[in-house]
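Structure assessment
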Amino acid sequence: MPPYLFLEIDKAKRKARAEGRDIIDLGIGDPDQPTPGYIIEALHKAAQDPVNHRYALDQGMPALRRSIEGWYKRRFNVNLNPDTEVLPLIGSKEGIAHFPFAFLNAGDYSLVPDPCYPPYKGGAILAGAKPYLMPLRRENAFLPDLNKIPKSILKKAKIIFVNYPNNPTGATCDRGFYAEVIKFARKHNLIVVSDLAYSEMSYDGYKHSSMLELDGAKDVVIEFHSLSKTYNMTGWRIGWACGNAELVQALAKVKSNIDSGIFTAVQFAGVAALEGPQEHVTNMCRLYQQRRDCLVSGLKSLGWEASNPKATFYVWISVPKKSNSISFASLLLDKADIVATPGVGFGESGEGYIRMALTVSEQRIKEAIERLRKIG
Ligand SMILES: *Cc1c(COP(=O)(O)O)cnc(C)c1O
């Protein structure tokens, strides 16, 4: 397994905090706002019922699977069979990391974007297979260039990961790109894993699609989604996989050997989240959009190179020419008490960038900009 590259920054952050320094933490992609009250109430009620204290069925509650079906229908106009094409997960990371066990053997490859969310690589390595890194470059709008993947790799590749809206670059993609990936996957006999964790976190009226909206997608696609970012529920551990029944059921089979389901009371909370009032989502997007505008305009006023992401709560920023992502992140911490994540922590192609997360208040963002202005 590769070493955990964020560890050094994390250690330095702890040390700075222990010294009593006032750290502005733009490093973590974890919502700072609370879970909406109606979801907490649903948990509270379900937790009181002893029926919910026992092992949960490994396929997830039928009511939750139906809620997911209904949400996909309303949001994307995609039809899912709740019995075979939907699988609740203990957070989508869990499913993303376990999925390769169902399909990858030693010598196989998984095609993963670089930079990327780390479990795409970790899952392949844990399953004894290898990740092949597809660089995401600014000049290509942070989309992978599928034509650059060598034939010899494609022969041994079984899975391709796509993640838009993207962590860490904040990039989005259109349906044309999704169609290209589906065509490519059919041609080379690949399974497509689409990670849609950020579909609800978007700005300026932009709405992202699901890959499952495209014709023929269900032949090759499994899509992962999560309540974590949409409803500020990262600590609750609830997400799901949906799409091609064979792929979903293969993951269910692996999982039945590993875990014993999601705490039933949390599943009831998931039903409440998906079926309850959705104003929270609009308000959340408004809040992040204000923070985004504040951070990006502030950075630009300092002459930094940064652009407004249309989705996600990440701003992906070029570091000055003569520094690298780790030294620049260290400099920000030492000189301004600001934590940002070095891009190289997400993969080699993340070198030259740092990631800032919009998970502190606008006032703190302004304070961060002022500190940067002061140190020049
Ligand atoms: C946050 C995030 C998730 C969601 O993870 P959970 O395990 O559901 O909390 C999935 N994919 C990406 C790229 C993320 O950044």
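**Comments concerning the pairing of strand 2 (residues 86-89)**
- Residues of strand 2 alternate between two faces, with Val-86 and Pro-88 on one and Leu-87 and Leu-89 on the opposite face, all of them buried.
- When strand 2 meets strand 8 (residues 239-243), the two strands line up antiparallel, connected through four bridges. Its bridge partner lying in strand 8, Pro-88 is registered against Trp-240.

**Side note on the side chain of Arg-291**
- Mapped onto the elements, Arg-291 comes out in helix 11 (residues 279-301).
- Look at Arg-291 and you get buried, because its relative accessible area is 3%.

**As for the sheet that holds strand 7 (residues 221-226)**
- Read from one edge to the other, the open sheet built from seven strands follows the order 2-8-7-6-5-3-4, with strand pairing classed as mixed. Edge positions in the sheet fall to strand 2 and strand 4 (130-135), since each has one partner strand and no second. Across this sheet, the average inter-strand angle for adjacent strands is 25 degrees, counted without regard to direction.
- Two strands pair when backbone bridges link them, and strand 3 (residues 109-114) and strand 4 are joined in this way by six bridges, in the parallel orientation.

**What about the domain arrangement of the protein chain?**
- Taken domain by domain, the protein chain comprises domain 1 (5-30 + 279-375) and domain 2 (38-275).
- Taken over C-alpha atoms, the centre of domain 1 sits 27 Å from the centre of domain 2.
- Counting from both sides, the interface comprises 25 residues of domain 1 and, opposite them, 28 residues of domain 2.
- Regarding the contact of domain 1 and domain 2, the summed buried area is about 2,500 Å², with carbon and sulfur atoms giving 55% of it.

**A word on the pairing of strand 7**
- Counting buried positions along strand 7 gives six out of six residues, so the element sits mostly inside the fold.
- Of the two faces of strand 7, the one lined by Val-221, Glu-223 and His-225 and the one lined by Ile-222, Phe-224 and Ser-226 are each fully buried.
- Pairing geometry for strand 6 (residues 191-195) and strand 7, over four bridges, is parallel. Across the sheet, Val-192 pairs through a bridge with Val-221, a residue of strand 7.
- As judged from the five bridges shared by strand 7 and strand 8, these two strands associate in the antiparallel manner.

**Focus on the sheet that holds strand 12 (residues 353-357)**
- Read across the open sheet, the three strands follow the order 9-12-11; overall the sheet is antiparallel. A strand with exactly one partner marks an edge of an open sheet, and here the two such strands are strand 9 (314-318) and strand 11 (341-342).
- Note: strand 11 against strand 12, two bridges, orientation antiparallel. The residue bridging Thr-341 from the neighbouring strand is Arg-355, located in strand 12.
- Strands in contact with helix 12 (residues 325-336) are strand 11 and strand 12; relative to strand 12, the strand with the most contacts, it is inclined by about 45 degrees.

**Some remarks on unusual backbone geometry**
- In this structure, the amide linkage connecting Asp-114 to the following residue, Pro-115, adopts the cis form with an omega of 5 degrees.
- Along the chain, the position of Pro-115 falls in the loop between strand 3 and helix 5 (119-126).
- Residue Pro-168 follows Asn-167 across a cis peptide bond; omega there is 15 degrees.
- The residue Asn-77 is not glycine, and still its phi comes out positive at about 55 degrees.
- Tracing the chain through its elements places Asn-77 in the loop between helix 3 (62-76) and strand 2.
- Phi is positive for Arg-237, close to 65 degrees, though the residue is something other than glycine.
- Considering the arrangement of structural elements, one finds Arg-237 in the loop between strand 7 and strand 8.

Conventions used here
- Each chain has its residues counted from 1, running along the sequence as written.
- Totals for whole chains, interfaces and linings use every residue, but because this is a predicted model, local features are given only for residues with pLDDT of at least 70 and side-chain atom pairs only at 80 or more, for both listing and counting.
- Calculated side-chain values reflect all of the structure's heavy atoms, with hydrogen atoms and water omitted.
- We call a residue buried when its accessible area falls under 20% of the maximum for its residue type, exposed when it is over 50%, and partly exposed in between, using a 1.4 Å probe and counting protein chains only.
- Secondary structure elements are defined from DSSP: runs of H or I of at least 4 residues count as helices, runs of E of at least 2 residues count as strands, and each element is numbered from the N terminus.
- We treat two strands as partners when DSSP finds at least two bridges between them.
- Structural elements are reduced to axes, namely lines fitted to C-alpha atoms, with helices fitted over the stretch in contact, and the angle between N-to-C directions of any two is expressed from 0 to 180 degrees.
- Start and end positions for the domains come from either an automated domain assignment or a database one.
- Here a residue-residue contact requires only that any non-hydrogen atoms of the pair lie within 4.5 Å.
- The term buried area means the drop in 1.4 Å probe accessible area that two parts suffer when joined, counted for both and summed.

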